[in-house]
Amino acid sequence: MQQKIVILDFGSQTTQLIGRRVREMDTFCEILPYNKFPKDDNNIIGVILSGSPYSVYDQEAFRVDFSQFIGKYPVLGICYGAQLMAYCYGGKVEPAGSREYGRAHLKFFEAENPLFKGFEPDSQVWMSHGDTITQLPEGFHAIASTEDVKYAAYANLEKRIWAVQYHPEVHHSLQGFQLLRNFVVDICGSNQSWSASSFVETTVRELKEQLGNDRVILGLSGGVDSSVCATLLNRAIGKNLTCIFVDHGMLRKHEFEKVMDAYKGLGLNVIGVDARDKFFHDLAGVTEPEEKRKIIGRDFVEVFDAEARKIKDAKWLAQGTIYPDRIESLNITGKVIKSHHNVGGLPEEMHLQLCEPLKWLFKDEVRRVGRELGMPERLIKRHPFPGPGLAVRILGEITPEKVRVLQDADDIYIEAMHNYVCEDGETLYDKVWQAGVILLSPVRSVGVMGDERTYENPVALRAVTSMDAMTADWAHLPYDFLAKVSNDIINKVKGVNRVCYDISSKPPSTIEWE
Ligand code: XMP
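What comes next is a walk through the structure. (Residues numbered from 1 in each chain as written. Predicted model: local features only at pLDDT ≥ 70, side-chain atom pairs only at ≥ 80, totals over all residues. Heavy atoms only, no water.)

## Describing the side chain of K292
So, step 1. Tracing the backbone through its elements, the reader meets K292 in helix α8 (residues 289-308).
So, step 2. Assessed through its relative accessible area of 2%, K292 is described here as buried.
So, step 3. Apart from residues lying up to four places away in sequence, K292 is in contact with L283, V286, T287, A391, I394, L395, G396, I398 and E514. (Helix = DSSP H or I, 4+ residues; strand = E, 2+ residues; numbered from the N terminus. Buried < 20%, exposed > 50% of the residue type's maximum accessible area, 1.4 Å probe, protein only. Contact = heavy atoms within 4.5 Å.)

## Some thoughts on the site of the ligand
So, step 1. In the vicinity of the ligand, the contacting residues are R293, P384, P386, G387, P388, Q434, A469, K506, T510, I511 and E512.
So, step 2. At 2.7 Å, a side-chain N or O of K506 approaches an oxygen atom of the ligand.
So, step 3. Within the backbone of I511, one N or O atom sits 2.8 Å away from an oxygen atom of the ligand.
So, step 4. With the chains in place, 67% of the 490 Å² that the ligand exposes on its own is no longer accessible.
So, step 5. Residue composition of the shell around the ligand, by class: 5 nonpolar, 3 polar and 3 charged. (Near = heavy atom within 4 Å. Polar contact = N/O pair within 3.5 Å; in protein donor to acceptor, adjacent residues only side chain to side chain. Areas by Shrake-Rupley, 256 points an atom, 1.4 Å probe, with all protein chains shown as cover. Nonpolar A, V, L, I, M, F, W, Y, C, P; charged D, E, K, R; others polar.)

## Here's the deal with the sheet that holds strand β1 (residues 4-9)
The strands that make up a sheet are held in pairs by hydrogen bonds between backbone atoms, and each pair lies either parallel or antiparallel.
So, step 1. Taken in spatial order, the 8 strands line up as β2-β1-β3-β4-β10-β9-β8-β6 in an open sheet, and their pairing is mixed. One side of each edge strand has no neighbouring strand; the edge strands of this open sheet are β2 (28-33) and β6 (107-108).
So, step 2. In this structure, β1 lies alongside β2, joined through 6 bridges in parallel fashion. By the bridge assignment for β2, K4 is matched with F28.
So, step 3. Contacts from helix α2 (residues 80-88) reach β3 (44-49), β4 (75-78), β9 (153-156) and β10 (161-164) within the one sheet, and its direction differs from that of β4 by about 110°.
So, step 4. On the sheet, helix α3 (residues 176-187) packs against β1, β3, β4 and β10 and is oriented at approximately 165° with respect to β4. (Pairing = 2+ DSSP bridges. Axes fitted to C-alpha atoms, helices over the stretch in contact; angles between N-to-C directions.)

## A short note on the pairing of strand β14 (residues 314-318)
So, step 1. Burial of β14 is extensive: 4 of the 5 residues sit out of reach of the surface.
So, step 2. As paired elements, strand β11 (residues 215-220) and β14 share 4 bridges and run parallel to each other. Looking across to β14, one finds that R215 is bridged to A314.
So, step 3. For β14 and strand β17 (residues 353-355), the ladder comprises 3 bridges, and the chain directions are parallel. Bridging across to β17, A318 finds its partner in C355.

## Digging into α2
So, step 1. Where burial is concerned, most of α2 is hidden: 7 out of the 9 residues are buried.
So, step 2. If you check which residues of α2 are buried, you get Y80, G81, A82, Q83, L84, M85 and A86.
So, step 3. Looking one or two residues past α2, G90 carries a phi angle of roughly 105°, positive in sign.

All quantities given are derived from atomic positions and should not be read as evidence of function.
Written out as structure tokens, the structure is:
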């Protein structure tokens, strides 16, 4: 049995975040519209009611038939969820004198309440509501308040109801995770066994239902997200999925061939497009970083569009969008979602619908799903790699020869990382977030090789540790490793006579040089 928390969504911007927190506890959860509580689902162990932009007494406020779940499962109401239960059981909800918004500190009425187990006194919470509960229904009792909010939290043990008028799912509620954990694990009894396998099973079933016999197009980048997305779709719809992988000429050494082989090994239906000449032609003579990026972006769209249009009856465009791609910033009013980087004008003009099966997952979850799908470990653990590829790692004009030099140096560096096993058994490659070589082609320096004077380019090695690429530290790579890589590059890569190590963190530097 796959235990499940149902989160009923009343339209709050932070509902998705509640879901993420529950998943962090290895507990499966489904976010469903407030009026779609599942019938006859034996897997449910608890219910969470989200916040909402509405007031409970608004004409158009979302109402729900509580008899479907109250008394059957433990229920946690959050903000509107708390107000709705109080209101519908005969309590009073009124506009707050002033909008209750921002930081507040909890005062507890009971020494020990399971919802607040492990809480510090005066625990900081985050409020955001225009209404407030002014009277609790009979049988309900307050368990916490704040200076301005009398019923910051209440309970009805007989009905197994708990409720908070603040937002435990946001980071500003400092022990919010603890509260959700107390509810999900202690009160609902989650055995914390949500696994990638259940995600795969559910998602494949849903994709089959959603897509039927429709054809789907997907752009592969060689990266983890699009590869996992493709493998998942392949399991659901097989040959109705057509993947397109564009070689713009600035991939890593032999990457196109290796990745195509890996994809074919996974049984994917992939079209590989060799567009190297077009990209090199259009980039000739261009040195300004933003201009290079624009040309690559434009060319990519043109090449992808031309291929995609050959698939005549396609109805869907699949993308490996993951949850962090959709979050721009978090604040109490919720997420500002970035506009998605759809491929060109494709969805609009071809009337393609978007299919994003990984959109709820974080990177670590995507990797777990990839393993579950039997993907090769090397594909799953790949470092992030920028869309414009080595183009943002060659300073100055890009030429095929410079790409060759950089590919050779990069290959030595990355292979050495795979081969260097640290004391704890992990490879250096797995320890760092991202690594690569930068060709400092406008710079030349003097060296001596044998009896010959050389006057060639230096390269910089870059390796960073990070959680999310928003900030990054330069990785403290072992000296013996750096010494070997430096030697190998200078001895084996024609055109390079000096190796530097980039010791800049982000901020103020960025991970990529351009
Ligand atoms: P920066 O250089 O901004 O990079 O610190 C942060 C992360 O983003 C990657 N990156 C890109 N990824 N298209 C991408 O798909 C791009 O144009 C691009 N530019 C940077 C970079 O490799 C790092 O992981």
